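If you want the building blocks of each chain, they are given just below.
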Amino acid sequence: MSQPVAIITGASSGMGFAVTKHLLGDGWRVVMADIDEESGRKAAAELGDQVLFCLTDVSCYSQQADLFEKAFFWGGGRLDLFAANAGISDTQFLQKNDYQYDRNGIPLPLNLKAMDVNFTAVVQGIWLFKHYARQNKVAGGKVVITSSSAGLYQMTTNPIYTASKHALVGLTRALGTTLDQQNIQINAICPAFVSTALCPKDMLDRFPKEHITPMSTVMKAYDTFLKDDTLNGQTVELSQDQLYFRTKPDYPNESQRWLGEDSASFWEEAYKQPVV
Ligand SMILES: NC(=O)c1ccc[n+]([C@@H]2O[C@H](COP(=O)([O-])OP(=O)(O)OC[C@H]3O[C@@H](n4cnc5c(N)ncnc54)[C@H](O)[C@@H]3O)[C@@H](O)[C@H]2O)c1
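In this text, all values refer to a predicted model and were calculated from it rather than measured experimentally.

**Notes on a nonpolar patch on the surface**
A surface patch of nonpolar side chains, about 580 Å² in accessible area, is lined by Trp258, Leu259, Phe266, Trp267 and Tyr271. Elements supplying a minimum of two residues to the nonpolar patch: α8 (254-262) and α9 (264-271). Per element, the largest residue contribution to the nonpolar patch is three residues, and it comes from α9. With respect to the secondary-structure elements, Tyr271 resides in helix α9.

**Some thoughts on the site of the ligand**
Around the ligand there are 28 residues in total, and Ser13, Asp34, Asn85, Tyr161 and Thr196 lie nearest to it. Within the side chain of Asp34, one N or O atom sits 2.6 Å away from an oxygen atom of the ligand. In this structure, an oxygen atom belonging to the ligand sits 3.5 Å away from a main-chain N or O atom of Gly87. Here the ligand loses 93% of its free accessible area of 830 Å² to cover by the protein chains. Elements with a contribution of two residues or more to the shell around the ligand: α1 (14-25) and α5 (159-180).

**Examining the packing of aromatic side chains**
Tallied over the full model, the rule gives nine aromatic pairs. Centroid distance Phe68 to Tyr132: 6.2 Å. Interplanar angle 20°. Geometry classified as stacked. With Phe68 in helix α3 (residues 61-74) and Tyr132 in helix α4 (residues 113-133), the pair connects residues that are 64 residues apart, well separated along the chain. Taking relative accessible area as the criterion, Phe68 reaches 0% and is therefore assigned buried.

**Some points on unusual backbone geometry**
The backbone phi angle of Asn183 is positive, close to 60°, even though this residue is not glycine. Note on placement: Asn183 falls in the loop between α5 and β6 (184-191).

**Observations regarding α3**
Under the 1.5 Å per step criterion, the end-to-end length of α3 is 20 Å for 14 residues, consistent within 8% with the ideal 20 Å. Every buried residue belonging to α3 is among Gln64, Ala65, Leu67, Phe68, Ala71, Phe72 and Trp74, and all of these are buried. Packed against the buried residues of α3 are β1 (5-9), β2 (29-34), β3 (51-55), β4 (81-84) and α4. Taken from the residues just after α3, Gly76 is the one with a positive phi, measuring 75°.

**Some words on the nonpolar core**
Formed by 30 residues in total, the largest nonpolar core has its most connected members in Leu23, Val30, Met32, Ile189 and Val218. Breaking this core down by element, the ones donating at least two residues are β1, α1, β2, α2 (37-47), β3, β4, α7 (215-227) and β7 (235-239). No other element matches the six residues that α7 contributes to this core. Setting aside chain neighbours within four positions, we find Leu23 in contact with Ala6, Ile8, Trp28, Val30, Leu81 and Leu226.

**Things to note about the state of the cysteines**
Counted according to the given criterion, the structure contains zero disulfides. No disulfide involves Cys60; its nearest neighbouring cysteine sulfur is the one of Cys54, lying 14 Å away.

**Digging into the packing of α4 against α5**
The relative placement of two packed helices is expressed as an angle between their axes plus a distance between the axes. Two numbers describe how α4 lies on α5: the axes approach to 8 Å, and their chain directions differ by 20°. Looking at the two axes, α4 sits roughly parallel to α5. Crossing geometry of α4 relative to α5 is assigned as right-handed. Where α4 approaches α5, its residues Ala114, Met115, Asn118, Phe119, Val122, Val123, Ile126 and Lys130 are matched on the opposing element by Ile160, Tyr161, Ala163, Ser164, Lys165, Ala167, Leu168, Leu171, Leu175 and Leu179. Split into classes, the residues belonging to the contact of α4 with α5 amount to 14 nonpolar, two polar and two charged.

So, how was this worked out
- Residues numbered from 1 in each chain as written.
- Predicted model: local features only at pLDDT ≥ 70, side-chain atom pairs only at ≥ 80, totals over all residues.
- Heavy atoms only, no water.
- Patch = residues over 30% accessible without salt bridge, like charges linked within 9 Å, V, L, I, M, F, W, Y side chains within 5 Å.
- Areas by Shrake-Rupley, 256 points an atom, 1.4 Å probe, with all protein chains shown as cover.
- Salt bridge = Lys/Arg side-chain N within 4 Å of Asp/Glu carboxyl O.
- Helix = DSSP H or I, 4+ residues; strand = E, 2+ residues; numbered from the N terminus.
- Near = heavy atom within 4 Å.
- Polar contact = N/O pair within 3.5 Å; in protein donor to acceptor, adjacent residues only side chain to side chain.
- Phe/Tyr/Trp six-rings, centres within 6.5 Å; stacked < 30°, edge-to-face > 60°.
- Buried < 20%, exposed > 50% of the residue type's maximum accessible area, 1.4 Å probe, protein only.
- Expected span 1.5 Å × (residues − 1).
- Contact = heavy atoms within 4.5 Å.
- Core = buried A, V, L, I, M, F, W, Y, C linked by side-chain atoms within 4.5 Å.
- Disulfide = S-S within 2.5 Å.
- Axes fitted to C-alpha atoms, helices over the stretch in contact; angles between N-to-C directions.
- Parallel < 35°, antiparallel > 145°, perpendicular 65-115°, else oblique.
- Left-handed = near helix turned anticlockwise from the far one by under 90°.
- Nonpolar A, V, L, I, M, F, W, Y, C, P; charged D, E, K, R; others polar.

Right, dumping it as structure tokens:
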């Protein structure tokens, strides 16, 4: 049987790079996608011929579509995992007053690149993944999304990052059951602070060591999702060496429980949505 194939976005650095190496060790072939061409190509060359680097800005749909097409072809017509991992911090801060203006003195829009990369690109990536996963010999596959502990709590300095990572948690929970019907399991990791290039070097040096979550916990989470096909729509918080499965908040009353748990058939009829 041919080897399983993964696309990992944001693979030139940090968690994406570590997951690439981890999967290679387990016999996967990996397509590394990143905007950082220099590091990505260097890493891919060192890792050997089971790796393909694709220069991709995931926030550009056509580039991501090219990535999936190339990966599927390179993988010999199979695609088993989409690790939607690329992410950035806020590029402009909603709470600050650094307005820029057009010629009429109207504020220019806030830069929402973090939403484009962290959320919209993930949605488009899943859209593309479904298309290819349907063509696998056994239709289906897995998606692992990198959310953040900021997707469960908040990072007051980075409201757009926080919102984008919360959105990924909601997306994972909402898609879990429906995508399972297409044999696609979608889950999200919510890491606490991990030492990567996302954090400026001088801050990294000053960051309290006891609050750093090791990369090995990220690998543990991937292993858990890859080995267990019953996990679907799950969000797991990663802190220190532990995985904490985080469920949605409790319903305060029966009416809310009905809306959350039992109203799906009502909405399906309302939207006339074919499930598969
Ligand atoms: N480091 C942490 O403490 C931490 C905690 C929780 C979640 N995360 C999330 O983990 C993921 C990986 O980040 P990391 O910590 O490994 O940081 P990192 O900066 O080391 O890696 C992120 C990678 O994404 C790439 N990237 C950025 N924009 C891109 C784009 N438009 N298209 C393609 N690639 C792009 C970067 O070039 C980089 O290689 C991110 O989604 C991040 O939000 C990080």
